[in-house]
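# Descriptive structure summary
Next come the chains, spelled out residue by residue.
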Amino acid sequence: CDFFFFQAEDGIRDAQESRGLGDVYKRQKYIKTFKTITSDKLEVIGVSVKEGQDLTGTELGPEALRQAGLMKVLEDLGWNVVDHGNIVSQELALTGDEIPASEIEKYYTTLKHADLLGKTCQSLHNKVKEFSSRNSFSLVLGGDHGIATGTISGLIETYPDLKIIWVDAHGDCNIPESSPSGNYHGMPVAHLLGWFKKQVKGFEWLTTKLKPENIVFIGLRDIDEDEKDLLNNNKIKYFSIHEIDKYGIGEIMENTIKYLGLDKEGQHAVHLSYDIDAVDHSHVPGTGTRARGGLSYREAHYICRRAVETGYLVGMELVEVNPFLDSEIQRELLHGDDKNIAGTETVCLGVEVIKSALGHTLV
(Lines give C-alpha, C1' and ligand atoms only; values in the text may rest on other atoms or scores of the structure.)
Protein backbone atom coordinates (compact mmCIF):
# COMPACT_ATOMS: atom_id res chain seq x y z
CA CYS A 1 0.00 0.00 0.00
CA ASP A 2 1.08 3.55 -0.65
CA PHE A 3 0.97 5.74 2.43
CA PHE A 4 1.64 9.47 2.38
CA PHE A 5 4.02 10.63 5.13
CA PHE A 6 4.88 14.31 5.44
CA GLN A 7 5.15 17.08 7.97
CA ALA A 8 2.29 19.43 8.80
CA GLU A 9 3.86 22.45 7.09
CA ASP A 10 4.11 20.58 3.79
CA GLY A 11 0.39 20.86 3.28
CA ILE A 12 -2.50 18.46 2.99
CA ARG A 13 -2.87 15.42 0.83
CA ASP A 14 -5.98 13.34 0.47
CA ALA A 15 -5.06 9.80 1.57
CA GLN A 16 -7.70 8.45 -0.79
CA GLU A 17 -5.99 9.93 -3.80
CA SER A 18 -5.27 7.42 -6.57
CA ARG A 19 -6.78 4.54 -4.58
CA GLY A 20 -10.08 4.33 -6.45
CA LEU A 21 -12.07 3.75 -3.28
CA GLY A 22 -15.44 4.99 -4.53
CA ASP A 23 -16.82 1.48 -4.75
CA VAL A 24 -15.46 0.66 -1.30
CA TYR A 25 -17.33 3.59 0.19
CA LYS A 26 -20.59 2.53 -1.43
CA ARG A 27 -20.49 -0.90 0.10
CA GLN A 28 -19.58 0.20 3.62
CA LYS A 29 -22.22 0.92 6.23
CA TYR A 30 -20.08 1.71 9.27
CA ILE A 31 -19.90 5.49 9.18
CA LYS A 32 -23.70 5.76 8.99
CA THR A 33 -23.51 5.24 12.77
CA PHE A 34 -22.44 8.86 13.23
CA LYS A 35 -25.05 11.54 13.95
CA THR A 36 -23.14 14.66 15.00
CA ILE A 37 -20.56 14.16 12.24
CA THR A 38 -22.68 14.28 9.10
CA SER A 39 -19.86 14.16 6.54
CA ASP A 40 -17.62 11.23 5.59
CA LYS A 41 -14.47 13.30 6.09
CA LEU A 42 -11.92 12.18 8.66
CA GLU A 43 -8.94 14.46 9.29
CA VAL A 44 -5.83 12.96 10.87
CA ILE A 45 -2.99 14.79 12.60
CA GLY A 46 -0.02 13.20 14.30
CA VAL A 47 1.79 14.88 17.18
CA SER A 48 5.42 13.83 17.38
CA VAL A 49 6.14 14.76 20.98
CA LYS A 50 7.83 13.10 23.94
CA GLU A 51 8.46 16.06 26.24
CA GLY A 52 5.38 15.52 28.39
CA GLN A 53 7.21 12.61 30.04
CA ASP A 54 10.75 11.33 30.51
CA LEU A 55 11.09 8.51 27.96
CA THR A 56 12.16 8.64 24.35
CA GLY A 57 9.86 6.90 21.86
CA THR A 58 6.35 8.35 22.07
CA GLU A 59 7.31 10.82 19.34
CA LEU A 60 7.48 7.81 17.00
CA GLY A 61 3.94 6.68 17.76
CA PRO A 62 2.16 8.46 14.87
CA GLU A 63 4.36 6.98 12.16
CA ALA A 64 4.28 3.52 13.75
CA LEU A 65 0.48 3.55 13.61
CA ARG A 66 0.49 4.67 9.99
CA GLN A 67 3.03 2.06 8.97
CA ALA A 68 0.95 -0.64 10.66
CA GLY A 69 -1.85 0.00 8.15
CA LEU A 70 -4.02 2.63 9.83
CA MET A 71 -4.87 4.66 6.72
CA LYS A 72 -6.00 1.65 4.70
CA VAL A 73 -8.11 0.48 7.63
CA LEU A 74 -9.84 3.87 7.86
CA GLU A 75 -10.45 4.06 4.14
CA ASP A 76 -11.96 0.59 4.08
CA LEU A 77 -14.44 1.72 6.74
CA GLY A 78 -15.71 4.23 4.19
CA TRP A 79 -14.04 7.39 5.47
CA ASN A 80 -12.66 10.05 3.16
CA VAL A 81 -9.30 10.35 4.93
CA VAL A 82 -7.13 13.46 4.86
CA ASP A 83 -3.77 13.02 6.56
CA HIS A 84 -2.17 16.29 7.66
CA GLY A 85 1.13 14.73 8.65
CA ASN A 86 2.75 15.48 11.99
CA ILE A 87 3.21 18.41 14.30
CA VAL A 88 6.82 17.93 15.41
CA SER A 89 7.53 19.51 18.79
CA GLN A 90 11.26 19.83 18.15
CA GLU A 91 10.63 21.89 15.01
CA LEU A 92 8.47 24.54 16.65
CA ALA A 93 10.06 27.91 17.12
CA LEU A 94 10.21 29.12 20.71
CA THR A 95 10.49 32.77 21.60
CA GLY A 96 13.21 32.20 24.16
CA ASP A 97 11.78 35.06 26.19
CA GLU A 98 12.29 34.78 29.91
CA ILE A 99 9.43 35.44 32.30
CA PRO A 100 10.00 38.98 33.67
CA ALA A 101 11.12 39.01 37.30
CA SER A 102 8.09 41.08 38.20
CA GLU A 103 5.81 38.33 36.79
CA ILE A 104 7.61 35.23 38.02
CA GLU A 105 5.27 34.68 40.97
CA LYS A 106 2.35 34.37 38.56
CA TYR A 107 3.88 31.37 36.77
CA TYR A 108 4.65 27.77 37.58
CA THR A 109 8.34 27.07 37.10
CA THR A 110 8.44 23.35 37.94
CA LEU A 111 6.78 21.94 34.82
CA LYS A 112 9.28 20.27 32.51
CA HIS A 113 9.46 21.60 28.92
CA ALA A 114 6.42 23.81 29.53
CA ASP A 115 7.14 26.34 26.77
CA LEU A 116 7.68 23.66 24.12
CA LEU A 117 4.60 21.71 25.17
CA GLY A 118 2.52 24.88 25.19
CA LYS A 119 3.50 25.68 21.62
CA THR A 120 2.83 22.09 20.55
CA CYS A 121 -0.61 22.06 22.13
CA GLN A 122 -1.42 25.46 20.66
CA SER A 123 -0.58 24.21 17.18
CA LEU A 124 -2.74 21.13 17.75
CA HIS A 125 -5.56 23.28 19.17
CA ASN A 126 -5.63 25.34 15.98
CA LYS A 127 -5.62 22.26 13.74
CA VAL A 128 -8.42 20.47 15.61
CA LYS A 129 -10.47 23.66 15.73
CA GLU A 130 -10.21 23.80 11.92
CA PHE A 131 -11.16 20.14 11.47
CA SER A 132 -14.17 20.31 13.76
CA SER A 133 -15.40 23.56 12.23
CA ARG A 134 -15.62 21.67 8.92
CA ASN A 135 -17.73 18.93 10.56
CA SER A 136 -14.88 16.46 10.05
CA PHE A 137 -14.06 13.71 12.52
CA SER A 138 -10.80 14.65 14.28
CA LEU A 139 -8.32 11.80 14.80
CA VAL A 140 -5.15 12.68 16.72
CA LEU A 141 -2.20 10.31 16.96
CA GLY A 142 0.21 10.79 19.87
CA GLY A 143 2.64 11.40 21.28
CA ASP A 144 2.25 11.52 25.05
CA HIS A 145 -1.07 12.30 26.74
CA GLY A 146 -0.15 15.91 27.41
CA ILE A 147 -1.38 16.67 23.88
CA ALA A 148 -4.97 16.25 25.12
CA THR A 149 -4.93 19.89 26.19
CA GLY A 150 -4.61 20.92 22.56
CA THR A 151 -7.09 18.38 21.21
CA ILE A 152 -9.86 18.97 23.72
CA SER A 153 -9.55 22.76 23.85
CA GLY A 154 -9.74 22.81 20.04
CA LEU A 155 -12.89 20.68 20.01
CA ILE A 156 -14.51 22.82 22.72
CA GLU A 157 -14.23 25.81 20.37
CA THR A 158 -16.71 24.02 18.09
CA TYR A 159 -18.60 21.98 20.70
CA PRO A 160 -18.81 24.08 23.91
CA ASP A 161 -20.59 21.30 25.81
CA LEU A 162 -18.12 18.62 24.71
CA LYS A 163 -18.25 15.36 26.69
CA ILE A 164 -15.07 13.35 27.33
CA ILE A 165 -14.59 9.63 27.84
CA TRP A 166 -11.05 9.36 29.18
CA VAL A 167 -9.66 5.82 29.03
CA ASP A 168 -6.50 5.52 31.09
CA ALA A 169 -4.69 3.69 33.88
CA HIS A 170 -3.89 7.13 35.32
CA GLY A 171 -5.93 10.18 36.25
CA ASP A 172 -3.72 12.75 34.53
CA CYS A 173 -5.23 15.34 36.86
CA ASN A 174 -2.31 16.26 39.08
CA ILE A 175 -1.62 19.93 39.59
CA PRO A 176 1.98 21.19 39.68
CA GLU A 177 1.85 21.36 43.48
CA SER A 178 0.93 17.65 43.72
CA SER A 179 2.87 16.16 40.81
CA PRO A 180 5.67 13.82 41.94
CA SER A 181 7.49 14.14 38.61
CA GLY A 182 6.72 17.55 37.09
CA ASN A 183 5.75 15.77 33.87
CA TYR A 184 2.91 17.47 32.02
CA HIS A 185 1.39 14.21 30.71
CA GLY A 186 0.13 13.67 34.26
CA MET A 187 -1.65 17.05 34.39
CA PRO A 188 -3.69 17.87 31.26
CA VAL A 189 -7.11 17.15 32.80
CA ALA A 190 -6.39 19.43 35.76
CA HIS A 191 -5.20 22.13 33.37
CA LEU A 192 -8.32 21.82 31.19
CA LEU A 193 -10.59 21.91 34.25
CA GLY A 194 -9.02 25.17 35.41
CA TRP A 195 -7.41 23.78 38.56
CA PHE A 196 -4.02 25.40 37.94
CA LYS A 197 -3.57 28.34 40.26
CA LYS A 198 -0.87 30.02 38.18
CA GLN A 199 0.01 30.56 34.53
CA VAL A 200 2.18 28.14 32.57
CA LYS A 201 4.70 29.60 30.15
CA GLY A 202 3.71 28.62 26.61
CA PHE A 203 0.08 28.03 27.55
CA GLU A 204 -1.04 31.65 27.84
CA TRP A 205 -3.34 31.01 24.85
CA LEU A 206 -5.41 28.46 26.80
CA THR A 207 -8.70 30.10 27.77
CA THR A 208 -11.27 27.35 27.16
CA LYS A 209 -12.26 25.19 30.11
CA LEU A 210 -13.73 21.71 30.37
CA LYS A 211 -16.80 21.39 32.57
CA PRO A 212 -16.11 18.95 35.45
CA GLU A 213 -19.43 17.20 34.92
CA ASN A 214 -18.49 16.51 31.28
CA ILE A 215 -15.73 13.96 31.82
CA VAL A 216 -15.76 10.30 32.84
CA PHE A 217 -12.62 8.26 33.52
CA ILE A 218 -12.58 4.55 32.71
CA GLY A 219 -9.88 2.06 33.71
CA LEU A 220 -8.10 3.91 36.53
CA ARG A 221 -5.75 1.77 38.59
CA ASP A 222 -2.53 3.74 39.23
CA ILE A 223 -3.40 7.02 40.97
CA ASP A 224 -1.18 9.21 43.14
CA GLU A 225 -2.48 9.85 46.66
CA ASP A 226 -2.94 13.60 46.17
CA GLU A 227 -4.55 12.88 42.82
CA LYS A 228 -7.16 10.70 44.57
CA ASP A 229 -8.09 13.67 46.72
CA LEU A 230 -8.35 15.93 43.66
CA LEU A 231 -10.67 13.48 41.92
CA ASN A 232 -12.88 12.84 44.93
CA ASN A 233 -13.00 16.34 46.37
CA ASN A 234 -14.01 17.74 42.97
CA LYS A 235 -16.61 14.97 42.45
CA ILE A 236 -15.12 13.84 39.14
CA LYS A 237 -16.88 10.76 37.77
CA TYR A 238 -14.65 7.71 37.37
CA PHE A 239 -14.81 3.95 37.04
CA SER A 240 -11.66 2.22 38.19
CA ILE A 241 -10.68 -1.35 37.40
CA HIS A 242 -12.40 -2.26 40.68
CA GLU A 243 -15.77 -1.06 39.36
CA ILE A 244 -15.14 -2.79 36.03
CA ASP A 245 -14.49 -6.06 37.88
CA LYS A 246 -17.57 -5.54 40.04
CA TYR A 247 -20.12 -4.51 37.43
CA GLY A 248 -18.64 -5.50 34.06
CA ILE A 249 -17.65 -3.23 31.21
CA GLY A 250 -21.16 -3.29 29.70
CA GLU A 251 -22.79 -1.75 32.76
CA ILE A 252 -19.88 0.70 33.16
CA MET A 253 -20.43 2.01 29.64
CA GLU A 254 -24.20 2.30 30.14
CA ASN A 255 -23.59 4.28 33.34
CA THR A 256 -21.09 6.48 31.50
CA ILE A 257 -23.55 7.19 28.71
CA LYS A 258 -26.32 7.99 31.17
CA TYR A 259 -24.10 10.21 33.35
CA LEU A 260 -23.03 12.25 30.30
CA GLY A 261 -26.64 12.55 29.13
CA LEU A 262 -25.99 10.66 25.91
CA ASP A 263 -29.01 8.44 26.43
CA LYS A 264 -31.22 11.41 25.58
CA GLU A 265 -31.65 12.84 22.10
CA GLY A 266 -29.85 16.13 21.59
CA GLN A 267 -26.97 17.98 19.96
CA HIS A 268 -24.27 16.00 21.74
CA ALA A 269 -20.56 15.75 20.99
CA VAL A 270 -18.19 13.20 22.54
CA HIS A 271 -14.42 12.88 22.41
CA LEU A 272 -12.63 9.63 23.23
CA SER A 273 -9.23 10.24 24.81
CA TYR A 274 -7.58 6.82 24.78
CA ASP A 275 -4.28 6.10 26.51
CA ILE A 276 -3.02 2.70 25.39
CA ASP A 277 -1.69 2.04 28.92
CA ALA A 278 -5.30 1.55 30.04
CA VAL A 279 -4.98 -1.92 28.52
CA ASP A 280 -3.25 -4.66 30.46
CA HIS A 281 0.52 -4.63 29.94
CA SER A 282 0.43 -8.22 28.65
CA HIS A 283 -1.27 -6.85 25.51
CA VAL A 284 0.63 -3.56 25.24
CA PRO A 285 4.27 -3.85 26.30
CA GLY A 286 5.16 -0.79 24.23
CA THR A 287 4.09 2.02 26.53
CA GLY A 288 5.96 3.96 29.17
CA THR A 289 3.86 3.88 32.36
CA ARG A 290 2.71 0.28 32.50
CA ALA A 291 0.61 -0.89 35.44
CA ARG A 292 -0.61 -4.38 36.21
CA GLY A 293 -4.23 -5.47 35.96
CA GLY A 294 -5.52 -3.37 33.09
CA LEU A 295 -8.33 -3.71 30.59
CA SER A 296 -8.68 -7.00 28.74
CA TYR A 297 -8.47 -7.13 24.96
CA ARG A 298 -12.26 -7.36 24.69
CA GLU A 299 -12.89 -4.57 27.21
CA ALA A 300 -10.47 -2.33 25.32
CA HIS A 301 -12.55 -2.76 22.16
CA TYR A 302 -15.96 -2.70 23.81
CA ILE A 303 -15.42 0.81 25.19
CA CYS A 304 -14.81 2.07 21.64
CA ARG A 305 -17.68 0.18 20.07
CA ARG A 306 -20.19 1.32 22.68
CA ALA A 307 -19.00 4.92 22.47
CA VAL A 308 -19.50 5.02 18.70
CA GLU A 309 -22.92 3.41 19.00
CA THR A 310 -24.20 6.60 20.64
CA GLY A 311 -23.72 8.36 17.31
CA TYR A 312 -22.16 11.38 19.04
CA LEU A 313 -18.45 10.68 18.70
CA VAL A 314 -16.66 13.62 17.05
CA GLY A 315 -13.03 12.98 17.90
CA MET A 316 -10.49 10.53 19.24
CA GLU A 317 -6.87 10.63 20.25
CA LEU A 318 -4.69 7.58 20.80
CA VAL A 319 -1.62 8.27 22.91
CA GLU A 320 1.42 6.84 24.70
CA VAL A 321 2.36 4.21 22.09
CA ASN A 322 6.13 3.87 22.45
CA PRO A 323 7.78 1.72 19.75
CA PHE A 324 11.12 1.87 21.60
CA LEU A 325 9.60 -0.15 24.45
CA ASP A 326 7.59 -2.56 22.34
CA SER A 327 8.44 -6.18 21.69
CA GLU A 328 10.42 -6.62 18.47
CA ILE A 329 8.30 -9.64 17.58
CA GLN A 330 5.65 -9.04 14.94
CA ARG A 331 2.16 -9.94 16.06
CA GLU A 332 0.86 -13.30 14.89
CA LEU A 333 -1.93 -13.09 12.33
CA LEU A 334 -4.94 -15.06 13.54
CA HIS A 335 -8.10 -16.02 11.70
CA GLY A 336 -10.40 -13.01 11.64
CA ASP A 337 -7.60 -10.46 12.06
CA ASP A 338 -7.54 -7.56 9.63
CA LYS A 339 -4.83 -8.49 7.14
CA ASN A 340 -4.14 -4.80 6.54
CA ILE A 341 -2.84 -4.44 10.11
CA ALA A 342 0.71 -5.63 10.69
CA GLY A 343 3.32 -4.78 13.28
CA THR A 344 4.11 -5.25 16.94
CA GLU A 345 1.51 -6.09 19.59
CA THR A 346 1.07 -2.58 20.97
CA VAL A 347 0.94 -0.82 17.62
CA CYS A 348 -1.51 -3.35 16.15
CA LEU A 349 -3.85 -3.01 19.11
CA GLY A 350 -3.64 0.76 18.76
CA VAL A 351 -4.81 0.55 15.15
CA GLU A 352 -7.52 -1.92 16.13
CA VAL A 353 -9.09 0.24 18.85
CA ILE A 354 -9.13 3.19 16.46
CA LYS A 355 -10.87 0.94 13.96
CA SER A 356 -13.49 0.02 16.57
CA ALA A 357 -14.02 3.68 17.50
CA LEU A 358 -14.42 4.69 13.86
CA GLY A 359 -17.36 2.38 13.34
CA HIS A 360 -16.25 -1.19 12.72
CA THR A 361 -18.70 -3.83 13.88
CA LEU A 362 -18.16 -7.54 14.48
CA VAL A 363 -21.25 -8.56 12.55
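Residues numbered from 1 in each chain as written. Predicted model: local features only at pLDDT ≥ 70, side-chain atom pairs only at ≥ 80, totals over all residues. Heavy atoms only, no water.

Right, let's get into the pairing of strand 11 (residues 313-319). With 7 of its 7 residues buried, strand 11 lies for the most part within the structure. Alignment of strand 5 (residues 137-142) against strand 11, held across 4 bridges, turns out to be parallel. Note on strand 11: the bridge partner recorded for Ser138 is Gly315. Two elements, strand 10 (residues 270-275) and strand 11, share 6 bridges in a ladder whose sense is parallel. Along strand 11, the bridge assignment pairs Leu272 with Met316. Of the crossover connections in this fold, the one passing from strand 10 over helix 10 (residues 297-309) to the parallel strand 11 is right-handed. (Buried < 20%, exposed > 50% of the residue type's maximum accessible area, 1.4 Å probe, protein only. Helix = DSSP H or I, 4+ residues; strand = E, 2+ residues; numbered from the N terminus. Pairing = 2+ DSSP bridges. Right-handed = clockwise from strand over helix to strand, strands pointing away.)

The step from Gly142 to Gly143 runs through a cis peptide bond, and the omega angle for that step is 15°. On the secondary structure map, Gly143 appears in the loop between strand 5 and helix 5 (148-158). The residue Asn135 is not glycine, and still its phi comes out positive at about 65°. Locating Asn135 in the fold gives a position in the loop between helix 4 (114-133) and strand 5. Phi is positive for Lys235, which is not a glycine, with a value near 55°. For Lys235, the position within the fold is in the loop between helix 7 (225-233) and strand 9 (237-240). You can call Lys235 exposed: its relative accessible area is 68%.

Moving on: the pairing of strand 5. For strand 5, a buried count of 6 out of 6 residues is recorded, marking the element as mostly surrounded by other parts of the structure. Of the two faces of strand 5, both are covered, the one formed by Phe137, Leu139 and Leu141 as well as the one formed by Ser138, Val140 and Gly142.

We now examine a nonpolar patch on the surface. On the surface, Leu55, Leu60, Phe324 and Leu325 cluster together to form a nonpolar patch covering roughly 340 Å² of accessible area. Within the secondary structure, Leu55 sits in the loop between strand 2 (41-48) and helix 2 (61-67). Take Leu55: its relative accessible area is 35%, and that puts it in the partly exposed class. (Patch = residues over 30% accessible without salt bridge, like charges linked within 9 Å, V, L, I, M, F, W, Y side chains within 5 Å. Areas by Shrake-Rupley, 256 points an atom, 1.4 Å probe, with all protein chains shown as cover. Salt bridge = Lys/Arg side-chain N within 4 Å of Asp/Glu carboxyl O.)

The space that makes up the largest pocket amounts to roughly 480 Å³. Tyr297, His301, Arg331, Asp337 and Glu352 are the residues nearest the centre of the largest pocket, which is lined by 21 residues in total. Listed by contribution, the elements that provide at least two residues to the lining of the largest pocket are helix 10 and helix 11 (345-357). Within the lining of the largest pocket, the residues separate by chemical class into 5 nonpolar, 7 polar and 9 charged. There is about 360 Å³ of room inside the second largest pocket. Around the second largest pocket sit 20 residues that line it, and His170, Ser181, His185, Gly186 and Thr289 are the ones nearest its centre. Residues belonging to the lining of the second largest pocket are distributed by class as follows: 2 nonpolar, 11 polar and 7 charged. (1 Å grid on protein atoms, 1.4 Å probe; cavity = no way out; pocket = protein on both sides within 12 Å on 5 of 7 lines; lining within 4 Å. Points joined across faces, edges and corners; volume = space filled by probe spheres on them. Nonpolar A, V, L, I, M, F, W, Y, C, P; charged D, E, K, R; others polar.)

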